[in-house]
Amino acid sequence: EWTDFERETIKSIFGKLDYDDVGLAALCRCLVVYPWTQRYFGNFGKLYNADAINANPMVAAHGKVVLNGLDKAVKNLDNIKGTYTELSVLHSEKLRVDPDNFRLLADCLTIVVAARMGADFTAEVQAAFQKFLAVVVSSLCRQYH
Ligand code: HEM
């Protein structure tokens, strides 16, 4: 289901990304722009405003956890659904995250990656990246019922 271009593009993007930087920026943006997503991170302390969220070490650590989670999908492009079975169960049954939020975080990630890549984020690269994230999101939604 992936073209050679898509495979190479997805691997190359993740090969160049700084997971600390991009993880923090994407999660931060999601928590700021869609403030209802903060409700799942009650144990992260007070997330008063964008500056507090940006400076919160638990947000930074969790941003990296999310990027490492995506890294697993990149390394298993032909079996993302299988790779994410447990993660989908966790978000659904234990964390009870509303699955609509997956797409919101994915969109924040796209914006951050676009900003970091600048002119290299061509229309073709964007299409491959968003296709990857769409598969990730649908795989994370899979254990919801
Ligand atoms: C935990 C990945 C989206 C809320 C995790 C973990 C990973 C992960 C790898 C750690 C699992 C473990 O400890 O075994 C992802 C990916 C996402 C995503 C790849 C989509 C791109 C979301 C969204 C929310 C969310 C949208 C809520 C709005 C949480 C929470 C935890 C968690 C609350 C537990 C945090 C803690 O207390 O340490 N996620 N996640 N996730 N995720 Fe997600």
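Above this text you will find the structure in question.
1. Remarks on the state of the cysteines
Here is step 1 of the chain: Throughout the structure, instances matching the rule amount to 0 disulfides.
Here is step 2 of the chain: The structure places no disulfide on Cys28, whose sulfur is separated from the nearest cysteine sulfur, that of Cys108, by 10 Å.
Here is step 3 of the chain: Cysteine Cys141 is unpaired, with the sulfur of Cys30 as its nearest cysteine sulfur at 14 Å.
Here is step 4 of the chain: Residue Cys141 is classed as partly exposed on the basis of its relative accessible area, which comes to 28%.

2. Quick word on the coordination of the iron atom of the ligand
Here is step 1 of the chain: For the iron atom of the ligand, the protein contributes exactly one donor atom, His91 (NE2), at 2.1 Å.
Here is step 2 of the chain: Turning to its location among the elements, His91 is positioned in helix H6 (residues 85–94).

3. Things to note about the site of the ligand
Here is step 1 of the chain: As a matter of local geometry, the ligand sits amid 17 residues, with Tyr40, His62, His91, Leu95 and Asn101 nearest to it.
Here is step 2 of the chain: Between an oxygen atom of the ligand and a side-chain N or O atom of Asn43, the distance comes to 3.4 Å.
Here is step 3 of the chain: Within the contact set of the ligand, a nitrogen atom lies 3.0 Å away from a side-chain nitrogen or oxygen of His91.
Here is step 4 of the chain: Those elements that place two or more of their residues in the shell around the ligand are helix H4 (57–75), H6 and helix H7 (100–117).
Here is step 5 of the chain: Considering every element that reaches the shell around the ligand, the biggest residue donor is H4, with 4 residues.
Here is step 6 of the chain: By residue class, the composition of the shell around the ligand is 12 nonpolar, 5 polar and no charged.

Reading the values: the criteria
Residues numbered from 1 in each chain as written. Predicted model: local features only at pLDDT ≥ 70, side-chain atom pairs only at ≥ 80, totals over all residues. Heavy atoms only, no water. Disulfide = S-S within 2.5 Å. Buried < 20%, exposed > 50% of the residue type's maximum accessible area, 1.4 Å probe, protein only. Donors = N, O, S within 2.8 Å, 3.2 Å for Na, K, Ca; no water. Helix = DSSP H or I, 4+ residues; strand = E, 2+ residues; numbered from the N terminus. Near = heavy atom within 4 Å. Polar contact = N/O pair within 3.5 Å; in protein donor to acceptor, adjacent residues only side chain to side chain. Nonpolar A, V, L, I, M, F, W, Y, C, P; charged D, E, K, R; others polar.

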